Amino acid sequence: MNLYYINHNFRYEAEKLLRLFFPLEKIVEYTEFNETNEDYLLTRIDGEESLTLTAGLSLNGEAKSKIKEIKKSECDDLELELLLLAYDLLCEMCGFTPKWGILTGVRPSKLIVKRLSQYGEENARDWFLNTYKVSPEKTELAINVAKTELKIIERAGEKSFSLYISIPFCPTRCSYCSFVSHSINSEKAKSLVTDYIEKLIDELTFTAQIAKENGLRLTSVYWGGGTPTTLSENELDRILTHIESTFDLSECLEYTVEAGRPDTITKEKLDTLKKHNVGRISINPQTFSDSVLNAIGRKHTTAQTEEKFLLAKEVGFDVINMDLIAGLPTDTVEDFKNSVNRAIDLGADNITVHTLALKRSSSIVTENESDSVTDRDIWEMLAYAGKALTENGYHPYYMYRQSKSLGNLENVGWCKKGKECFYNVLMMEEYQSIFSVGAGAVTKLRSEDGSIIERIFNFKYPFEYISRFDEIIDKKERMKSFYSEELEVRS
Ligand code: SF4
């Protein structure tokens, strides 16, 4: 697919818009228009004071265009005008209207939270429906999420941060996975774990020192990955104990460890987590169909998921989350509905409903296994999940979108009243600094007023994390100067 952007600088936005309609195609960009037989989107602005906006689309030999005349002095947002013109044409010729309209970003709720708090609900609703062309059902979803988020955000308070710990190991690799997660069953990965934990401990010590020196309050701890419970109970115990002895946890509102894969969970590991005051865990079925589990390379059964869920209930965690994914290879609408019902019947406190994203590095894409579910199926799956969860007392409390998700749809965290995951909201909406440790972890430094967000990236792969650890610590020295600059601004 060719993209022409002529006489304007909205290249990035035009490309993202085009990706909504052609998510997997290679897009080649040009600044000059040459008549061609290939498919293309043309975006163009002519004139100086009196402007002519042009959107042209050629698909499979059929070409159409739309033109809009506009006075520069009367136009608040030229980029939006041009994108809306192209969007109308794309919807018309592709026969498809994206549920999220022209919104391409990963955080639609962040946009609406701001609008809602500044101008109120009616204004925010109208803005999403009429300016961004978001569908009525997604607008309501975004407003409901935003209203809950506003209450959660207030709890963070000043000078707070969350701690994220990355454990990039899993028992096997799921076919849709794009994370840098190593199968622990390979000898190479096993030999890395011991050294990995040593470095992780060092990075935690370094991070705790920065928090202490700057008087920062730790409000939540979150272990993700990978699958943290791939580690043995002794390894978990060692890291949990180290966190307790180096960080001040007296203001910590929640402590979460992802125990995503049921095949990694044992009674001993759950007891270890509980002993260290972990209150929230995730046990992720993804689906309650054994044949779909097999198709995606997860070597556990739905019976195991249920058994481990009941075991975790018995151990007594405050919140157990279950993740489901809509659009997995070989899944059907009926089987997905059954998965939603089973998670509800089990009594999961949180149920996070993801839409499958086709990431280039996942085997689902490299091996071309992703064509069993249509966009209409996905709409039906998500619509059913929303209805069934609402009827059973769950409400949506956080949301994000991923690029290349089927139907450009969203991931939504649903929960029972009072069971929201504080970390998920603050991290996703960027309301707090996140100090992240481990391979692939990204530290986000946020100024108190939110006007500055800086990121520090750790090396992705465990072997790099171990062998180049000193470089990571050098980069993370920036955390110290960030907080001394913050102090100067505030004094
Ligand atoms: S459990 Fe998660 S991180 Fe691990 S391979 Fe599967 S999708 Fe990737």
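Calculation notes
Residues numbered from 1 in each chain as written. Predicted model: local features only at pLDDT ≥ 70, side-chain atom pairs only at ≥ 80, totals over all residues. Heavy atoms only, no water. Helix = DSSP H or I, 4+ residues; strand = E, 2+ residues; numbered from the N terminus. Contact = heavy atoms within 4.5 Å. Axes fitted to C-alpha atoms, helices over the stretch in contact; angles between N-to-C directions. Parallel < 35°, antiparallel > 145°, perpendicular 65-115°, else oblique. Nonpolar A, V, L, I, M, F, W, Y, C, P; charged D, E, K, R; others polar. Near = heavy atom within 4 Å. Salt bridge = Lys/Arg side-chain N within 4 Å of Asp/Glu carboxyl O. Buried < 20%, exposed > 50% of the residue type's maximum accessible area, 1.4 Å probe, protein only.

K.L.:
Would you take a moment to explain the side chain of Thr-256 for this structure?
P.N.:
Note that Thr-256 resides in strand β10 (residues 254-258). For Thr-256, the contacting residues outside a window of four places in its chain are Val-221, Tyr-222, Trp-223, Val-278, Arg-280 and Cys-421.

K.L.:
Help me understand the packing of helix α6 (residues 187-213) against helix α7 (residues 233-246) in this model?
P.N.:
The angle between the axes and the distance between the axes are what describe a pair of packed helices. Contact geometry of α6 with α7 gives a least axis separation of 10 Å together with a crossing angle of 10°. Compared by their axis directions, α6 and α7 come out roughly parallel. Contact residues: α6 offers Val-193, Ile-197, Glu-198, Leu-200, Ile-201, Leu-204, Thr-205 and Ala-208, while α7 offers Glu-235, Arg-238, Ile-239, His-242, Ile-243 and Thr-246. Its residues placed into classes, the contact of α6 with α7 shows eight nonpolar, three polar and three charged.

K.L.:
Help me understand the site of the ligand, please; the structure alone is not making it clear to me.
P.N.:
By nearness alone, 12 residues border the ligand, and Cys-170, Cys-174, Tyr-176, Cys-177 and Gly-226 come closest of all. Residues belonging to the shell around the ligand are distributed by class as follows: five nonpolar, four polar and three charged.

K.L.:
Even after reading the chapter, I still don't get the pattern of salt bridges, so can you show me in this structure?
P.N.:
Note that side chains of opposite charge can pair when their charged atoms are close. Per the counting criterion, the structure on display carries 32 salt bridges. With a shortest N-O distance of 3.8 Å, Glu-254 and Arg-280 are connected by a salt bridge. Of this pair, Glu-254 sits in strand β10 while Arg-280 sits in strand β11 (residues 280-282), and the two are 26 residues apart along the sequence. Per residue, the accessibility class of Glu-254 equals that of Arg-280, and both read buried. Connected via shared salt-bridge partners are Arg-107, Lys-110, Glu-430, Lys-444 and Arg-455.

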